[in-house]
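Survey of secondary and tertiary structure
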Amino acid sequence: MITFLDLLVIVFLELSVTSLLAICLMFLCKKILVKKICFYMVVLLGVFAALINIRMGNSLFPAQTIIGIGIGILCIASFILQHFSKGHEKKFLIARITSAIALLIGIFNAFIF
């Protein structure tokens, strides 16, 4: 019998494995289309991790809520930077790095706190 706690562990494990795979593919692939798809996936996972952090620390943990809001803003800022970096590989690299850092902080914050 699977309980709700088991489902929560499964969701967290799936989130961490998917995030790690998307981050690795985003930096290791050579094709720009695969990089962009993985970048969008990392941004969406980062926003999802931010929502998890905001929801979990709603009233009892204000620091976790602030970290979640910061992660969400950082993911959206990296998406905007990527959108305005038409043809500039360095700006796209900065956007990929910031989205990866935001996602890693979000997952770490959801697991640890």
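See above for the structure.
Presented here is an overview of the structure given in this document. None of these values were measured; they are calculated from a predicted model. (Residues numbered from 1 in each chain as written. Predicted model: local features only at pLDDT ≥ 70, side-chain atom pairs only at ≥ 80, totals over all residues. Heavy atoms only, no water.)

Focus: the overall build of the protein chain
We apply this condition: Secondary structure follows DSSP: runs of H or I at least 4 residues long count as helices, runs of E at least 2 residues long count as strands, and numbering of each begins at the N terminus. When accessible area is computed with a 1.4 Å probe and restricted to protein chains, residues below 20% of their type maximum are described as buried, those above 50% as exposed, and intermediate ones as partly exposed. Working rule for contacts: check all heavy atoms of both residues, and any pair within 4.5 Å makes them a contact. Note on areas: Shrake-Rupley with a 1.4 Å probe; residue coverage comes only from the protein chains shown.
Looking only at helices and strands, the protein chain features 4 helices and 0 strands. Helices and strands in the protein chain line up, N terminus first, as α-α-α-α. Structurally, the protein chain occupies a C-alpha span of about 50 × 30 × 15 Å along its principal axes. The burial tally for the protein chain puts 34% of its 113 residues in the buried class. Of all intrachain contacts in the protein chain linking residues separated by at least 6 positions in sequence, the fraction that spans at least 24 positions is 66%. In the structure as shown, the protein chain presents an accessible area of about 7,400 Å², 80% of it carried by carbon and sulfur atoms.

What to know about helix α4 (residues 89-112)
Which entries qualify depends on this criterion: Given the number of residues in a helix, its expected span is that number minus one, multiplied by 1.5 Å.
The first and last C-alpha atoms of α4 sit 34 Å apart over 24 residues, in line with the 34 Å expected at 1.5 Å per residue. Buried residues of α4: F92, A95, R96, S99, A100, A102, L103, G106, I107, N109 and A110, and no others. Those residues of α4 that are buried are in contact with α1 (4-28), α2 (32-56) and α3 (62-83).

What to know about the nonpolar core
We count it as follows: Definition of nonpolar core: a set of buried residues of the types Ala, Val, Leu, Ile, Met, Phe, Trp, Tyr and Cys, connected through side-chain atoms within 4.5 Å.
Core analysis: the largest hydrophobic core is formed by 22 residues, its most contacted members being M26, F39, V42 and L103. At the level of elements, α1, α2, α3 and α4 are the ones that each hand at least two residues to this core. Once you skip the residues sitting within four places of it in the chain, F39 turns out to touch M26, S78, F79, Q82, F92, A95, R96 and S99.

Description of the environment of F111
Along the chain, the position of F111 falls in helix α4. The sequence separation of F111 and M56 amounts to 55 residues, and the corresponding C-alpha distance is 11 Å.

Shape descriptors only; they carry no functional weight alone.
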